[in-house]
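Results of the structural survey
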Amino acid sequence: QVQLVESGGGLVQPGGSLRLSCAASGRIFSVHDMGWYRQAPGKQRELVAVIGSGSSTNYADSVKGRFTISRDSAKNTVYLQMNSLKPEDTAVYYCNANYRRSPTASLLEVWGQGTPVTVSS
């Protein structure tokens, strides 16, 4: 079974920074897109940032210029550096990955359990 283990969430003051990490483990042949999503109380889950296997990136407009997504493909790990945090960034952040179990297997999707981020003074 493939698992995503997230870390790095917590409480931070407005203007502060946090770095989230997410490591994939289990029966993996290759990992393709990896990304971060978030869900604030009473709202739908939304895309924050995604990074492809070739390191192309895409960001939500609300985080452009403040958040940076990166990956270490050798470790099947994705990171989210969050700077200039705002109260509206408060949410549970979920890691997502698409992977294959073998060269010819279908692309599968897996989600992490989520890590809470609270931006408050």
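Residues numbered from 1 in each chain as written. Predicted model: local features only at pLDDT ≥ 70, side-chain atom pairs only at ≥ 80, totals over all residues. Heavy atoms only, no water.

**Notes on the state of the cysteines**
Applying the stated rule across the entire model yields one disulfide. A disulfide bridge connects Cys22 with Cys95, and the sulfur atoms are separated by 2.0 Å. Its S-S torsion of approximately -85° makes the covalent link between Cys22 and Cys95 left-handed. In this pair, Cys22 is assigned in strand 3 (residues 18-25) and Cys95 in strand 9 (residues 91-100), connecting sequence segments 73 residues apart. Taking relative accessible area as the criterion, Cys22 reaches 0% and is therefore assigned buried. (Disulfide = S-S within 2.5 Å. Helix = DSSP H or I, 4+ residues; strand = E, 2+ residues; numbered from the N terminus. Buried < 20%, exposed > 50% of the residue type's maximum accessible area, 1.4 Å probe, protein only.)

**A short note on the pairing of strand 1 (residues 3-7)**
The side-chain alternation of strand 1 yields one buried face, formed by Leu4 and Glu6, and one unburied face, formed by Gln3, Val5 and Ser7. Strand direction decides the pairing type here: strand 1 and strand 3, joined by five bridges, are antiparallel. Considered in strand 3, the bridge of Leu4 is made with Ala24. (Pairing = 2+ DSSP bridges.)

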